[in-house]
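# Per-entry structural report
So the chains spell out like this:
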Amino acid sequence: MQAIKTVQLTKKYKDVTAVDGLDLTARQGELFALLGVNGAGKTTTIKMLTCLTKPDSGNAFVNGNSIVTDVAAVKSIIGVSPQETAVAPNLSVRENLELMCGVHGFTKEKMHAKTKELSEQFDLTAILSKRAGKLSGGWQRRLSIAMALISEPQILFLDEPTLGLDVLARSDLWDTIRTLKGKITIILTTHYMEEAEALADRIGIMKDGKLLALGTAEALKAKAGTEKFEDAFVAIVKGSKKL
Ligand SMILES: Nc1ncnc2c1ncn2[C@@H]1O[C@H](COP(=O)(O)OP(=O)(O)OP(=O)(O)O)[C@@H](O)[C@H]1O
């Protein structure tokens, strides 16, 4: 079974077709990056896959569950770290983690064990009593990812996880994401090509709601006949019909 399978997935906003007949699959345990320029349809795709918005036509299956007919099942197996920061700014780091444990109905023991485990995994232990709103963007994002993992999801969605972060914060977050690789299926959106190349097992390149190319960074470079991945991206995007 594929972790993600989309079948002619389509979403329209008035006269804009944000996602246009998308067919793609992501494998179990894979880190799959959806790469594309602004407005390519990445976030809309994630919103449909996480049941935040419904497709106008087509369907998608998350570990075999339809996003149209099996919404509760999909929601129970996914974790989401959205583009806009998901942390409660007035709560401490610990309170944010505990709040999420409460949402999932954990017992006190499980809440303490999970908070400890994720704090250690994400280096949050020393800042547990800090107010989340006072953390830098990179640390807020790290907390947001830890919160998305509380429910022990089978699939984690990271929507532009390093948007707006400086080079060092980005590099630290990449290290964190690398520790998750292979343990869980990760679907990541980005418009940073170096991010896709550094992290992803396979990369799907989107433009105007459509998938232009899909493969490993190496395969996409070979396809475009370029040495650098950035050049391959530009060649693939510029070579598409609409430009
Ligand atoms: N709620 C909405 N109402 C109207 N149009 C929308 C809405 N959400 C997205 N769009 C449009 O759909 C298209 C795809 O947007 P989307 O946010 O999915 O792209 P993206 O690839 O995630 O872009 P970015 O990298 O800027 O986040 C864009 O033309 C956008 O303006």
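Model, not experiment: these values are computed from the prediction.

### A closer look at the pattern of salt bridges
Using the criterion set out here, one finds twelve salt bridges in the structure. Put simply, Lys 210 and Asp 20 hold a salt bridge, and the shortest N to O gap is 2.7 Å. Taken together, the residues Lys 210 in strand S10 (residues 210–215) and Asp 20 in strand S2 (residues 16–26) connect sequence positions 190 residues apart. Residue Asp 20 is classed as partly exposed on the basis of its relative accessible area of 26%. Taking the shortest distance from any N to any O, the salt bridge between Lys 221 and Glu 218 comes out at 3.1 Å. Linking Lys 221 with Glu 218, this pair stays in helix H8 (residues 217–224), spanning three residues, or about one helical turn. Among the charged side chains, a network of salt bridges with common partners joins Lys 114, Glu 117 and Glu 152.

### Some points on the domain arrangement of the protein chain
With domains assigned, the protein chain is organised as domain 1 (2–87 + 148–240) and domain 2 (93–134). Taking only C-alpha atoms into account, the centre of domain 1 sits 27 Å from that of domain 2. Facing the seven residues of domain 1 at the interface are eleven residues of domain 2. Taken together, both faces of the contact between domain 1 and domain 2 bury some 820 Å²; the carbon and sulfur share is 73%.

### Notes on the environment of Thr 190
Within the element layout of this structure, Thr 190 appears in strand S8 (residues 185–190). The class for Thr 190 is buried, based on a relative accessible area of 1%. In the structure, Thr 190 is positioned 59 residues away from Arg 131 in sequence and 28 Å away in space, judged by C-alpha atoms. Filtering out sequence-adjacent residues up to four positions away, Thr 190 remains in contact with Leu 34, Leu 35, Gly 36, Lys 42, Glu 160, Glu 195 and Ala 196. For Thr 190, the side chain forms a polar contact with the main-chain nitrogen of Tyr 192, separated by 2.9 Å.

### Things to note about the sheet that holds strand S9 (residues 202–207)
Strand order in this open sheet of six strands is S6-S7-S8-S3-S9-S10, and the pairing throughout is mixed. Taken across any chain shown, the strands that pair with only one partner, and hence form the sheet edges, are strand S6 (78–81) and S10. Taking the axes of each pair of neighbouring strands and ignoring which way they run, one obtains an average angle of 15° across the sheet. Alignment of strand S3 (residues 31–36) against S9, held across five bridges, turns out to be parallel.

### Here we look at the site of the ligand
Residues in close proximity to the ligand total 14 residues, the closest being Gly 39, Lys 42, Thr 43, Thr 44 and Glu 160. Within the backbone of Gly 41, one N or O atom sits 2.9 Å away from an oxygen atom of the ligand. For the ligand, an oxygen atom lies 2.8 Å from a polar atom in the side chain of Lys 42. In the complex, the protein chains occlude 62% of the 630 Å² of accessible area that the ligand would expose alone. Considering each element in turn, the shell around the ligand owes the most residues, three residues, to helix H1 (residues 42–49). Split by residue class, the shell around the ligand holds five nonpolar, seven polar and two charged.

### Side note on helix H4 (residues 108–121)
Given 3.6 residues per turn, any residue in an α-helix points the same way as the ones three and four places further on. With 14 residues, H4 should reach 20 Å at 1.5 Å per residue; the first-to-last C-alpha distance of 20 Å fits that figure. Those residues of H4 that fall on the buried side of the exposure criterion are Met 111, Lys 114, Thr 115, Leu 118 and Ser 119. On an axial view of H4, the arc spanned by its buried residues comes to 125°, and they lie on one face. More than 90 degrees from the buried face of H4, the exposed residues found are Glu 109 and Lys 116. Along its buried surface, H4 packs onto helix H3 (93–103) and helix H5 (137–148).

Definitions and cut-offs
- Residues numbered from 1 in each chain as written.
- Predicted model: local features only at pLDDT ≥ 70, side-chain atom pairs only at ≥ 80, totals over all residues.
- Heavy atoms only, no water.
- Salt bridge = Lys/Arg side-chain N within 4 Å of Asp/Glu carboxyl O.
- Helix = DSSP H or I, 4+ residues; strand = E, 2+ residues; numbered from the N terminus.
- Buried < 20%, exposed > 50% of the residue type's maximum accessible area, 1.4 Å probe, protein only.
- Domains from an automatic or database assignment.
- Contact = heavy atoms within 4.5 Å.
- Buried area = accessible area lost by both parts, 1.4 Å probe.
- Polar contact = N/O pair within 3.5 Å; in protein donor to acceptor, adjacent residues only side chain to side chain.
- Pairing = 2+ DSSP bridges.
- Axes fitted to C-alpha atoms, helices over the stretch in contact; angles between N-to-C directions.
- Near = heavy atom within 4 Å.
- Areas by Shrake-Rupley, 256 points an atom, 1.4 Å probe, with all protein chains shown as cover.
- Nonpolar A, V, L, I, M, F, W, Y, C, P; charged D, E, K, R; others polar.
- Expected span 1.5 Å × (residues − 1).
- Arc of directions from axis to C-beta.

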